[in-house]
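# Tertiary structure, described
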Amino acid sequence: MADSMQTVPILEVIAHQAELKTFILPRILDAAPGQFVAVWLPGVDEKPFAVSADGPETIQITVKAVGPFTRRLLNCRPGDRLGLRGPFGRGFTLMPDSLLIGGGIGNAPLRLLAQRLTERGLRYTWLAGARRAADLPFLGELQKNPAVRLFTDDGSVGHPGTVMTGWTDALAATPTPPRLVCGAGPEPMLLAVREAARLHRLPVELSFERYMKCGIGLCGQCCLDGSGLRLCVEGPILTEEQMQGVTEWGLPPRGPSGRRPATTPKATRP
Amino acid sequence: MNPLAVRVAGVTFPSPLVLASGVMGLSASSLKRVADAGAGAVTTKSCGLEERKGHPCPTLLPFEHGLLNAIGLANPGVDEMAGEIAEFQARSSIPVIASIFGRTEAEFGEAAARLLARVRPALLEVNVSCPNVGSEFGQPFAADAAASARITGLVKARAGHVPVAVKLSLMCPSIAQVAKACAAAGADAITAINSVGPGMLIDPHVRRPILANQVGGLSGAAILPLAVRAVWDIARTVPLPIIGTGGVARPEDALQLILAGATAVGIGTGVYTGGLEVFGRINSFLADWLDREGLRSLDALRGAAHPARSQEAHHG
């Protein structure tokens, strides 16, 4: 039963940099691009991660240091055991002429999407952005891929600027408009992609994150305000139609207690 | 008239199916979604006086025969939950059951008072039976009939006209005796049963319990027979309406609890095993069942498996 816990040894660790690594694990589950797995570090905690590659015998997860759990996870070495549950949620649709837009660690799930599209001979363009070159996992791989355009805020690699600066060029450069825009990255970026896609009347599928506990739609932790959509079951990839039913965009997400932190009221000028 | 409608302590549920506490119960939107899926009442996550983050994960662990959970009573606190309840009530006509817990007996009364100062739920559920916080809170209060009765009394004293359901645990010598003590203390309904155990699952490779809390309450298909028996025992002992809960995922499961004496049927883990459609599916089944049997309501089925009652039904 894939929803139950199974521990596996880490086979290999790729250190992109000290705070950004990819863990290669035995392929005990079959994840679609955009789906996630719950990763248990025994004695510490369990958190959701997107699958970043899928091989005949291995799967990969790519981890960036964001808090105490990821820092502990990044210290793990080959042979250490991690627990896996999943895959959970619904992934991206595989569509020809897709436009992939990734921000930072959000490029990890897009890597599996690109892999699947390539396997099926489906064309795509991938705008991969990050604050700086060091924040881009698989930089060498991305640089070799002719479908990829790189963007960094500091210009340390690729075009200077955000992926959104590349959006207009990308649309102009393709003879036919993309049939699907797939995005993963920080929420402000995703909301900007959503706006741009609306403007150009393009269908979107965007990968969102919330604090999650169970992964199976029970604990209520990741239910979004408005439609009550469960991000772990009906997401984490949302379509425009799904996003329209949600009223919490732009608000700080609910924490582990279920409480949404109060928003600091904006200073109003008379 | 809606043949599936039932009355619990004076409150009409349009369906006997109740979302059990702890499942999709943190926000108004989440509860609304379950109400729209066909629940006749929805129960919030159990709330205490203060916000709690709960245990680290894994907090919830499916296995072949059910589910272990040790969420650790994560909750936003009664004040915050009151806001969610008010929003739910503005968006849905389905009754909402506010579940509360306390770390001490007195805290139950305070939690009830704080909540009811802000909002008026259809019922209050008093969760004296959470099995997951033993290390911090000791044995669940529900293991002790006298403690359960004292808590019931404290909450009743603050509840005004809001009816009070006490949620009981099977982890006691006689759940019927605890129910009887709660009834004597003024309980208006009984919810039975909470998850069972706690239980434990160990990963053989890393040689440690999988749940961060080590132990967690057992729910799901494995506990259905325990729930049926508990409802049976309680129904023979106290005249209160029972929200029979435990392991319901299929229509026949719900029917068993009703035949054992439940007025309403809680569904928790069934939302996982059966999906959110579980409410609609069981509603349709029960409506068809009544139709086939030529019955206008569930009243004739309630407790009908009890020999004495069957006879009464024949003579009546």
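Residues numbered from 1 in each chain as written. Chains lettered and ligands numbered in written order. Predicted model: local features only at pLDDT ≥ 70, side-chain atom pairs only at ≥ 80, totals over all residues. Heavy atoms only, no water.

### Looking at the packing of helix α8 (residues 251-260) of chain B against helix α10 (residues 278-293) of chain B
All names here are of chain B. The interhelical angle for the contact between α8 and α10, taken along N-to-C directions, is 60°, at an axis separation of 9 Å. Taken together, the axes of α8 and α10 are oblique relative to one another. Considering how the two elements wind past one another, α8 and α10 form a crossing that is right-handed. Along its contact with α8, which presents Pro-251, Glu-252, Ala-254, Leu-255 and Ile-258, the element α10 presents Arg-281, Ile-282, Phe-285, Leu-286 and Trp-289. A breakdown of the residues in the contact of α8 with α10 according to their chemical character gives 8 nonpolar, no polar and 2 charged. (Axes fitted to C-alpha atoms, helices over the stretch in contact; angles between N-to-C directions. Helix = DSSP H or I, 4+ residues; strand = E, 2+ residues; numbered from the N terminus. Parallel < 35°, antiparallel > 145°, perpendicular 65-115°, else oblique. Left-handed = near helix turned anticlockwise from the far one by under 90°. Contact = heavy atoms within 4.5 Å. Nonpolar A, V, L, I, M, F, W, Y, C, P; charged D, E, K, R; others polar.)

### Let's talk about the interface of chain B and chain A
Listed per partner, the contact involves 39 residues of chain B and 37 residues of chain A. Carbon and sulfur atoms supply 60% of the area that chain B and chain A bury against each other, a total of about 3,000 Å² over both sides. On inspection of chain B and its partner chain A, the count reaches 3 salt bridges. With a shortest N-O distance of 3.1 Å, Glu-84 of chain B and Arg-254 of chain A are connected by a salt bridge. On inspection of chain B and its partner chain A, the count reaches 13 residue pairs in polar contact (both at pLDDT 80 or more). The set of elements that each furnish at least two residues to the side of chain B that touches chain A consists of α1 (28-36), β5 (60-63), α2 (78-91), β13 (208-209) and α9 (270-273) of chain B. Considering every element that reaches the side of chain B that touches chain A, the biggest residue donor is β5 of chain B, with 4 residues. (Buried area = accessible area lost by both parts, 1.4 Å probe. Salt bridge = Lys/Arg side-chain N within 4 Å of Asp/Glu carboxyl O. Polar contact = N/O pair within 3.5 Å; in protein donor to acceptor, adjacent residues only side chain to side chain.)

### Side note on the packing of aromatic side chains
A full pass over the atoms with the stated rule returns 5 aromatic pairs over all chains. For the pair Phe-108 of chain B and Phe-141 of chain B, a centre-to-centre distance of 5.4 Å together with 85° between the ring planes defines the contact as edge-to-face. Of this pair, Phe-108 of chain B sits in helix α3 (residues 105-116) while Phe-141 of chain B is found in the loop between α4 (134-137) and α5 (145-159), placing the two residues 33 residues apart along the sequence. Of note, Arg-111 of chain A hangs over the ring of Phe-138 of chain A, and the distance from its end group to the ring centre comes to 3.4 Å. (Phe/Tyr/Trp six-rings, centres within 6.5 Å; stacked < 30°, edge-to-face > 60°. Lys NZ or Arg CZ within 6 Å of the ring centre and 35° of its normal.)

### Remarks on the sheet that holds strand β5 (residues 45-54) of chain A
Residues and elements named next belong to chain A. One open sheet holds the 7 strands; their spatial order is β1-β7-β4-β5-β6-β3-β2, and the pairing between them is antiparallel. Edge positions in the sheet fall to β1 (6-9) and β2 (12-17), since each of these pairs with one other strand and no more. Adjacent strand axes in the sheet meet at a mean angle of 35°, parallel and antiparallel pairs treated alike. Its contacts with the sheet place helix α2 (residues 107-119) against β5 and β6 (58-64), and it is angled at close to 30° to β5. (Pairing = 2+ DSSP bridges.)

### Considerations on the packing of helix α7 (residues 224-237) of chain B against α8 of chain B
The packing of two helices is summarised by the inter-axis angle and the distance between the axes. Residue and element names in this part refer to chain B. Interhelical geometry of α7 versus α8 gives an angle of 20° and a closest axis separation of 8 Å. If you check the angle between α7 and α8, you find them roughly parallel. The handedness of the crossing between α7 and α8 comes out as right-handed. Together, Leu-224, Ala-227, Val-228, Val-231, Trp-232 and Ala-235 of α7 and Asp-253, Gln-256, Leu-257 and Ala-260 of α8 make up the contact between the two elements.

### A closer look at the confidence of the model for chain B
Residue-level pLDDT values for chain B average 93, and 95% of them are 70 or greater. Confidence over residues 310-316 of chain B falls short of pLDDT 50; this stretch has 2 contacts with residues more than four positions distant or in other chains. (pLDDT = per-residue confidence, 0-100.)

### Observations regarding the side chain of Thr-70 of chain A
Residues and elements named next belong to chain A. Looking at where Thr-70 falls in the secondary structure, it is placed in helix α1 (residues 68-74). A polar contact of 2.8 Å, which involves the side chain of Thr-70, links it to the backbone nitrogen of Val-66. Residues contacting Thr-70, with those up to four places away along its chain left out, are Phe-49, Val-63, Lys-64 and Ala-65.

### Observations concerning the pairing of strand β12 (residues 180-184) of chain A
Residues and elements named next belong to chain A. Burial analysis of β12 places 5 of its 5 residues in the buried class, the great majority of the element. Side chains of β12 alternate between two faces, with Leu-180, Cys-182 and Ala-184 and Val-181 and Gly-183 buried alike. Sheet analysis places strand β8 (residues 98-103) next to β12, joined by 5 bridges and oriented parallel. From the neighbouring strand, Gly-102 faces β12, where its bridge partner is Ala-184. Here 4 bridges tie β12 to strand β13 (residues 204-207), and the two strands are oriented parallel to one another. Bridge pairing links Gly-183 to Leu-206 in β13. (Buried < 20%, exposed > 50% of the residue type's maximum accessible area, 1.4 Å probe, protein only.)

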